[in-house]
Amino acid sequence: MAPAEQVAHYAVVGNPITHSLSPQIHNSFAAQTGEALSYRAIELPLGGFAPGIRDLQNRGFAGVNVTVPFKGEARNLCDSLSARAERAGAVNTLSFETDGGIAGDNTDGLGLTRDLRDNLGIEIKQREILLLGAGGAVRGVLDPLLALSPARLTIANRTPAKASQLARDFADCGNTEALAFEALDGREFDLVINGTAAGLEHAVPAIPASVMHQQTVCYDMMYNVEGATAFVGWARDRGAARAFDGLGMLVEQAAAAFEIWRGVKPDSATVIQSLRA
Ligand code: ATR
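1. As for the overall build of the protein chain
Thinking step 1. Looking only at helices and strands, one finds ten helices and twelve strands in the protein chain.
Thinking step 2. Computed over the C-alpha atoms, the radius of gyration of the protein chain is 19 Å, within 12% of the 19 Å expected from 2.2 N^0.38 for a compact globule of 277 residues.
Thinking step 3. Expressed as lengths along the three principal axes of its C-alpha atoms, the size of the protein chain is roughly 60 × 40 × 30 Å.
Thinking step 4. Looking at the protein chain as a whole, 50% of its 277 residues qualify as buried.
Thinking step 5. Once local pairs closer than 6 in sequence are excluded, the contacts in the protein chain between residues at least 24 apart make up 68%.
Thinking step 6. Looking at the protein chain as shown, the accessible area adds up to about 12,400 Å², and 49% of this sits on carbon and sulfur atoms.
Thinking step 7. Taking the average location of the 23 positive side-chain charges in the protein chain and that of its 31 negative ones, the two points are 2 Å from each other.

2. A few points about the site of the ligand
Thinking step 1. Contacts to the ligand come from 13 residues, most closely from Ala137, Asn157, Thr159, Lys162 and Ala197.
Thinking step 2. The contact in question runs from an oxygen atom of the ligand to an N or O atom on the backbone of Gly136, over 3.0 Å.
Thinking step 3. Isolated, the ligand exposes 640 Å² of accessible area, and the fraction of that covered by the protein chains is 72%.
Thinking step 4. Classifying every residue of the shell around the ligand gives four nonpolar, six polar and three charged.

3. Focus on the sheet that holds strand S2 (residues 37–43)
Thinking step 1. Across the sheet, six strands lie side by side as S2-S1-S3-S5-S6-S4; this open sheet has mixed pairing. The two strands at the open ends of the sheet, each matched to only one other strand, are S2 and strand S4 (80–81).
Thinking step 2. Two elements, strand S1 (residues 8–14) and S2, share seven bridges in a ladder whose sense is parallel. In the strand pairing of S2, Ala8 is matched with Leu37.
Thinking step 3. Sheet strands touched by helix H1 (residues 22–33): S1, S2 and strand S3 (63–66). Its angle to S2, the strand with the most contacts, is close to 175 degrees.

4. Observations regarding the packing of aromatic side chains
Thinking step 1. Under the counting rule described, the total for this entry stands at five aromatic pairs.
Thinking step 2. Here the aromatic rings of Tyr39 and Trp261 are separated by 6.4 Å at their centres, their planes lie at 45 degrees, and the arrangement is tilted. Here Tyr39 is found in strand S2, whereas its partner Trp261 is found in helix H9 (residues 247–262), with 222 residues between them in sequence. The pair Tyr39 / Trp261 is uniform in exposure class, with both members buried.
Thinking step 3. Aromatic pair Phe49 and Phe70: ring centres 5.0 Å apart, planes at 25 degrees, arrangement stacked. Remark: Phe70 occurs in the loop between S3 and helix H3 (71–77) and Phe49 occurs in helix H2 (residues 49–58); sequence separation between them is 21 residues. Pair check on accessibility: Phe49 and Phe70 agree, each one buried.
Thinking step 4. Members of the aromatic cluster, each reached through a chain of ring pairs, are Tyr10, Tyr39 and Trp261.
Thinking step 5. Sitting above the plane of the Phe170 ring, Arg87 keeps its charged end 4.8 Å from the centroid.

5. Details of helix H7 (residues 160–169)
Thinking step 1. Turning to H7, its buried residues are Ala163, Leu166 and Ala167. One face of H7 carries all of its buried residues, which in axial projection span an arc of 100 degrees. Seen from the open side of H7, the exposed residues pointing more than 90 degrees away from its buried face are Ala161 and Arg168.
Thinking step 2. Tucked into the core, H7 has its buried residues touching helix H6 (136–147), strand S8 (152–157) and strand S9 (176–180).

6. Focus: the pairing of strand S11 (residues 212–220)
Thinking step 1. Pairing of strand S10 (residues 189–194) with S11 involves five bridges; the strand directions are parallel. Bridge pairing in S11 places Asn194 opposite Asp220.
Thinking step 2. With three bridges joining them, S11 and strand S12 (residues 242–244) adopt parallel strand pairing. If you follow Cys218 over to S12, its bridge partner there is Ala243.

Cut-offs used in this document
- Residues numbered from 1 in each chain as written.
- Predicted model: local features only at pLDDT ≥ 70, side-chain atom pairs only at ≥ 80, totals over all residues.
- Heavy atoms only, no water.
- Helix = DSSP H or I, 4+ residues; strand = E, 2+ residues; numbered from the N terminus.
- Rg over C-alpha atoms; globule rule 2.2 N^0.38 Å.
- Buried < 20%, exposed > 50% of the residue type's maximum accessible area, 1.4 Å probe, protein only.
- Contact = heavy atoms within 4.5 Å.
- Areas by Shrake-Rupley, 256 points an atom, 1.4 Å probe, with all protein chains shown as cover.
- Lys, Arg positive; Asp, Glu negative; His and termini not counted.
- Charge placed at Lys NZ, Arg CZ, Asp CG, Glu CD.
- Near = heavy atom within 4 Å.
- Polar contact = N/O pair within 3.5 Å; in protein donor to acceptor, adjacent residues only side chain to side chain.
- Nonpolar A, V, L, I, M, F, W, Y, C, P; charged D, E, K, R; others polar.
- Pairing = 2+ DSSP bridges.
- Axes fitted to C-alpha atoms, helices over the stretch in contact; angles between N-to-C directions.
- Phe/Tyr/Trp six-rings, centres within 6.5 Å; stacked < 30°, edge-to-face > 60°.
- Lys NZ or Arg CZ within 6 Å of the ring centre and 35° of its normal.
- Arc of directions from axis to C-beta.

Now the structure itself:
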């Protein structure tokens, strides 16, 4: 075991944070790779994000993951930002630098595309993709998704104006389009991704099941280790060829953060498997 002074300290901060799987994931990565680190979950008070982060920095933490509802505030606290974090307008990975600066990155989009493509073998290139929602979670994944060259990425949201804004903001990254839920009638997609917060209320966005053809894959950016999420249940009941929740995305965004901090790529597949078990 490494001497206590050589152990690097990390945490995930959010509010609420009690159910976070991140400590389990990062501690598994550390055990796997032999990296000497500790990782815990810390709840920061609403309105107390910046002082909370400064406190962790003063206590010698090496970095922090940021989750709901602080990803936008985290962006504003950073001294430097990766291009993808800048584009996402949100930060989920902070690195505390030796000169006191804070570097921000966003690994959510990479987490999604790695899970879709590498773990699940889902093709994005030249496919028709439907992305539901137009909040922070969706903004965070648009750039990496469009980088995989879908034939078209259609953003549909309960409040259509927000989808239109996102489609415009990312038009330079690929072929984007915005639609209201009602306008999805008569349209079919190869992949439907739920990026709305509807699942928090065990609800499903009000879209027609006719968006699915026989080979359509559905993916929920939310996860539930104990059963199907509302969206995965909806998709399976309506005959989706395959439907997945976002547990793999969670583990992959963590793996990408771990790699930023430690320079080592952990094996995410075994961690996904053990969480499912
Ligand atoms: P997040 O950071 O999770 O993206 P957000 O920025 O508050 O949170 O965005 C929440 C998203 O979920 C929005 O797209 C919201 O739709 P509106 O823009 O119309 O508010 C969507 N959403 C939340 N509850 C929903 C529901 N019951 N049905 C459909 N969409 C819902």
